[in-house]
Amino acid sequence: MVAIGLSAGAVARIRFAVSCLWEVVASLRVLRDPGDHAVHLPWARRVRPRLAEVGLDSGLLWQLVPAPPGYLADFLTPPAASLDPDLATELSALRDTSAETVRAHLDLYPGTPGPAVAALQDDPESGLRRLTEEIEAYWRIALAPDWSRIRALLDAEVTARARLLADRGAAALLNDLHQQVRWEDDTLLIAQRHCLAPDVHEGPGLVLVPSVFVWPSVLSISAGETPQLAYPARGIGAVWELPAAAPDALASLVGRGRARMLAELAAPLSTTELARRTGMSAGGVSQHLTVLRAAGLVVTHRRGRLLLSARTEVAEALLAASR
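Anyway, here's the lowdown on the structure attached to this text. (Residues numbered from 1 in each chain as written. Predicted model: local features only at pLDDT ≥ 70, side-chain atom pairs only at ≥ 80, totals over all residues. Heavy atoms only, no water.)

### Some words on the overall build of the protein
As a reminder, the rule being used: Strands here are runs of E lasting at least two residues and helices are runs of H or I lasting at least four, both read from the DSSP assignment and numbered beginning at the N terminus. When a residue's accessible area, from a 1.4 Å probe over protein chains only, is under 20% of the maximum for its type it is buried; when over 50% it is exposed; and in between it is partly exposed. Note on contacts: a residue pair is in contact if any heavy atoms of the two residues lie within 4.5 Å. Per-residue and other accessible areas were derived by the Shrake-Rupley procedure at a 1.4 Å probe size, with only the shown protein chains allowed to occlude residues.
If you tally the helices and strands in the protein, you get 15 helices and nine strands. A total of 323 residues make up the protein; the buried ones form 50% of that total. Summarising the internal contacts of the protein: among those between residues at least 6 apart in sequence, 69% fall at separations of at least 24. Accessible surface, the protein: about 14,500 Å² in total, of which carbon and sulfur atoms supply 53%.

This is the structure:
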């Protein structure tokens, strides 16, 4: 059990962020031990052969990410900056990691390092360039094809947590994150072996990073000026599900196209993502959304550059009744 003190000011500065690199390292842990992550088996079975074809199941990145519950170097996940993640920006921060930090974190790995890790330790600057190239290749193969649906679920998670924070406060938020996490007496308690984070009094506060692939556990709070806690987003089982089917009764009421859209909106989605999932044109989706908003079945809010639409409680009731 790790105990981390959170001052009142630190609690007030808690924020959420979404990170490409957290999904990279967490998904690699799934591939290392897919049997312990059954919900992700459809993804793992599809991706693993493609990684093996290009040698990404044995390179530097693979060696740096052990099977759970092994130590994971904190420099692999620089502080997540926003709710609108960008892989290139995160890789730039990774490449800027100091040689001293890289070597200090690598020293914490048990046993004798493999050749690729030893080369990184000898020459961190060159090693980080190689590492970021491997991450880019891994991203193209393993995560980019599914990133839109992953982002949709993470956006829905942040929206739900924000409502919980507004409705019940920070204590309820922290105590609802995961069974391994609880907050009491101004202390965040985490049932985890590898954690280097000090108490949080001043500075930017704690960053909560929802993740699809970290399930069923939590990943470490990072050491340094910006501690982070990656925890599993709710509803991850829906990421690999087949397209949603619209109930016939609801289709008779609002039309099959609009019923299909409501069925897909289990998580907030952009117009582009709705068009991709339903096979409609973006213009057609926009027209249907206008009607659904006017009927009180959909609400739309802005998240960074995106406009995300979500079902209302009235729509939830209609879907439940029609099923």
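### Overview of the sheet that holds strand 8 (residues 298-303)
The test is simple: When DSSP finds two or more bridges between a pair of strands, those strands are recorded as paired. Only the stretch in contact is used when fitting a helix axis, every axis being a line fitted to C-alpha atoms; angles between N-to-C directions are given from 0 to 180 degrees.
Strand order in the open sheet formed by three strands is 7-9-8, with antiparallel pairing between adjacent strands. Each having just a single partner strand, strand 7 (269-270) and strand 8 make up the two edges of the open sheet. Inspection of the sheet shows strand 8 paired to strand 9 (residues 306-311) by six bridges, in the antiparallel sense. Directly across from Val298, in strand 9, lies its bridge partner Arg311. Lying over the sheet, helix 9 (residues 147-168) contacts strand 7, strand 8 and strand 9, oriented at roughly 95° with respect to strand 8.

### Some details on unusual backbone geometry
With an omega of 5°, the peptide bond between Pro68 and Pro69 qualifies as cis. The topology assignment puts Pro69 in the loop between helix 4 (60-64) and helix 5 (87-95). Across the junction of Trp215 and Pro216, the peptide omega takes the value 10°, indicating a cis bond.

### Observations regarding the side chain of Arg161
Along the chain, Arg161 turns up in helix 9. Apart from residues no more than four positions distant in its own chain, Arg161 is found in contact with Phe16, Leu173, Asp176, Leu177, Tyr231 and Arg234.

### Notes on the environment of Arg182
Our working definition: Polar contacts here mean pairs of N or O atoms no more than 3.5 Å apart (in protein, one a potential hydrogen donor and the other a potential acceptor; neighbouring residues in sequence count only if both atoms are side-chain atoms).
Among the structural elements, Arg182 can be located in strand 3 (residues 181-184). Look at Arg182 and you get partly exposed, because its relative accessible area is 37%. Among the polar contacts listed, one links the side chain of Arg182 to the side chain of Glu184, at a separation of 3.3 Å.

### A closer look at helix 5
The condition is simple: Here the arc refers to the directions that run from the helix axis out to each C-beta atom.
Of all the positions in helix 5, only Leu87, Glu90, Leu91 and Leu94 are classed as buried. Across the axial projection of helix 5, the buried residues extend over an arc of 100°, all falling on one side. Among the structural elements, helix 2 (20-32) and helix 8 (124-143) are those in contact with the buried residues of helix 5.

### Focus on the pattern of salt bridges
Two side chains with opposite charge may pair up if their charged atoms get near one another. Our working rule: We count a salt bridge whenever a side-chain nitrogen from Lys or Arg sits within 4 Å of a carboxyl oxygen from Asp or Glu.
In this structure the tally under the stated criterion is 15 salt bridges. For Arg151, the salt bridge is made with Asp84, and the minimal N-O distance between the two is 3.8 Å. Highlighted residues: Arg151 in helix 9 and Asp84 in the loop between helix 4 and helix 5, separated in sequence by 67 residues. We classify Arg151 as buried; its relative accessible area is 11%. Here Asp176 makes a salt bridge to Arg234, at a shortest N to O gap of 4.0 Å. Remark: Arg234 occurs in the loop between strand 6 (228-232) and helix 11 (248-254) and Asp176 occurs in the loop between helix 10 (170-175) and strand 3; sequence separation between them is 58 residues. On the accessibility criterion, Asp176 (36% relative accessible area) is partly exposed. On the basis of relative accessibility, which here comes to 43%, the residue Arg234 falls in the partly exposed class.

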